[in-house]
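# Chain and residue survey
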Amino acid sequence: MRGADDYSRTATPVYLGPMDEQWAAVDGFVEEALHRDDPVLDSVLEAGRLAGLPQIQVSAPQAKLLQMLARVTGAQRILEIGTLAGYSGVWLARALPEGGRLVTIEFDPDHAAVARSNFETAGLADKVDLRLGAALDVLPMIEAEGVGPFDLTFIDADKPNNSNYLEWAVKLSRPGAFVILDNVVRGGAVLDRGADANAAGAHDALLWLGDQPGLDSTVIQTVGAKGYDGFAISVVS
Ligand code: SAH
Ligand code: DHB
Ligand code: MG
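Along each chain, numbering runs from 1 in the same order as the chain's sequence is written. The lettering of chains begins at A and the numbering of ligands begins at 1, in the order of writing. Since the coordinates come from a predicted model, pLDDT governs what is reported: local features require at least 70, and pairs of side-chain atoms require 80 or more to be given and counted, while whole-chain, interface and lining totals use all residues. The side-chain quantities take in all heavy atoms of the structure and omit both hydrogens and water.

## Focus: the overall build of the chain
Only DSSP runs of H or I with at least four residues qualify as helices, and only runs of E with at least two residues qualify as strands; both kinds are numbered from the N terminus onward. Scanning the chain from terminus to terminus reveals 9 helices and 7 strands. We compute the radius of gyration from the C-alpha atoms alone; for a globule the expected value is 2.2 Å times N to the 0.38, where N is the number of residues. Radius of gyration (C-alpha) of the chain: 18 Å, near the 18 Å computed for a compact globule of 237 residues. Seen through its principal axes, the chain has C-alpha atoms that stretch 55 × 40 × 35 Å. Pairs of residues are marked as contacts when any of their non-hydrogen atoms sit within 4.5 Å. Pairs at least 24 apart in sequence give 71% of the contacts found in the chain among residues at least 6 apart. Computed with the Shrake-Rupley method and a 1.4 Å probe, the accessible areas treat only the protein chains shown as cover for residues. Entry remark: accessible area of the chain is about 11,400 Å², with carbon and sulfur atoms responsible for 55%. Counting rule for charge: Lys and Arg are taken as positive, Asp and Glu as negative, and neither His nor the chain ends is counted. To locate a charge, the coordinates of NZ of Lys, CZ of Arg, CG of Asp or CD of Glu are taken. Mean positive and mean negative side-chain charge positions of the chain (18 and 33 charges, respectively) differ by 5 Å.

Set out below in structure tokens:
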């Protein structure tokens, strides 16, 4: 176990090393200082690594923020677009009361298989409804089934579809719900919608959010284990 002293060594002037190492080290200290040891979450991450899944899940502090938002809103129904190995999903599902549901959508069968096993390991299988399919195909089914309305939606999938997912999230939300969109800063590339399709997805999503009279939105920029990025956070009225 590392102590605070190990991290003080990483609090070096920027010129001695890339800032992203320092941001990651601070996230490490934050986890050490503030988060409880959690063998289940460790095994969820390990399963994703072993299966060769991309290591692009939210950081632990980011996941904890999502979980806190779920708790303060008293979420009983949570929607997630983009499951990967189920890391953010485990954090979110743990915020649910007895009888609560996380509906999480994933279109890659290999990712979904790892996630399914992870939700099982975490003892959350009864709270998690994992839907295999492209989100834009699955969302109309969720609407037709009347599974919602949702108290919180976390969007974290293919970035060019951000605005489509936001539109669905709003449609499936109850008044007062949170909608959180990941990866909207992208090292600052959000400023340049010509940079690439993901930057355009972030840029256009923020403009879309600003145009919605029924949404109150902001962006929190973040640095940490995932570099320089950010969340858009909206409240539905
Ligand atoms: N929320 C996860 C990370 C998700 S990574 C976490 O923090 O733990 C993005 C995921 O979205 C990947 O698993 C990818 O396969 C999935 N995805 C990409 N396009 C999709 C689509 N059109 N429909 C559903 N899932 C999609
Ligand atoms: C990528 C996707 C994510 O959702 C993320 O949080 C980080 C990176 C990516 O596609 O590279
Ligand atoms: Mg993401």
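Once you've had a look at it, read on.
## Examining the nonpolar core
Only buried residues count toward a nonpolar core. Its members are Ala, Val, Leu, Ile, Met, Phe, Trp, Tyr and Cys residues joined through side-chain atoms within 4.5 Å. Classification of residues uses two cut-offs on accessible area relative to the type maximum, computed with a 1.4 Å probe and protein chains only: under 20% is buried, over 50% is exposed, and between them is partly exposed. With 31 residues, the main nonpolar core has I78, Y87, L152 and I180 as its most contacted residues. Elements supplying a minimum of two residues to this core: α3 (39-50), α4 (60-72), α5 (87-93), α6 (109-121), β3 (128-132), β4 (150-155), β5 (173-181) and β7 (227-236). Among all residues touching I180, those that are not within four sequence positions of it are L66, L69, L152, T153, F154, I155, F231, A232 and I233. Core analysis: the next-biggest nonpolar cluster, separate from the first, contains 29 residues, Y165, L181, V185 and V236 among them.

## Digging into the site of ligand 1
Around ligand 1, the structure places 22 residues, and the nearest of them are G82, S88, E106, H111 and D156. Pairs of N or O atoms are called polar contacts if they sit within 3.5 Å, as long as, within protein, a hydrogen donor faces a hydrogen acceptor (for residues adjacent in sequence, only side-chain-to-side-chain pairs). In the environment of ligand 1, a nitrogen atom lies 2.9 Å from a nitrogen or oxygen atom belonging to the side chain of S88. Side-chain polar atom of E106 to an oxygen atom of ligand 1: 2.6 Å apart, as the coordinates give it. Here ligand 1 loses 92% of its free accessible area of 580 Å² to cover by the protein chains. Elements supplying a minimum of two residues to the shell around ligand 1: α5 and β2 (101-106). Note on definitions. A residue lies near a molecule or strand when any single heavy atom of the residue is within 4 Å of it.

## Structural notes on the site of ligand 2
Ligand 2 sits among I56, D156, K159, D182, N183 and K226. Residue K159 places a side-chain N or O atom 3.0 Å away from an oxygen atom belonging to ligand 2. At a separation of 3.2 Å, an oxygen atom of ligand 2 approaches a polar side-chain atom of D182. Expressed as a share of its isolated accessible area of 290 Å², the protein-covered part of ligand 2 is 66%. Residue composition of the shell around ligand 2, grouped by class: 1 nonpolar, 1 polar and 4 charged. Ten residues, namely Ala, Val, Leu, Ile, Met, Phe, Trp, Tyr, Cys and Pro, are considered nonpolar, four, namely Asp, Glu, Lys and Arg, are considered charged, and the remaining ones, Gly among them, are considered polar.

## So, the pattern of salt bridges
Salt bridge, as used here: a side-chain nitrogen of Lys or Arg that lies within 4 Å of a carboxyl oxygen of Asp or Glu. Tallying each qualifying case throughout the model produces 7 salt bridges. Across the salt bridge formed by D38 and R94, the nearest N and O atoms sit 2.7 Å from each other. Of the two residues, D38 is situated in the loop between α2 (19-34) and α3 and R94 in the loop between α5 and β2; the sequence distance between them amounts to 56 residues. The partner of K159 in a salt bridge is D156, with the nearest N and O atoms 3.1 Å apart. For the residue pair K159 and D156, the accessibility class agrees, reading buried in each case.

Spatial relationships are all this shows, so hold off on functional conclusions.
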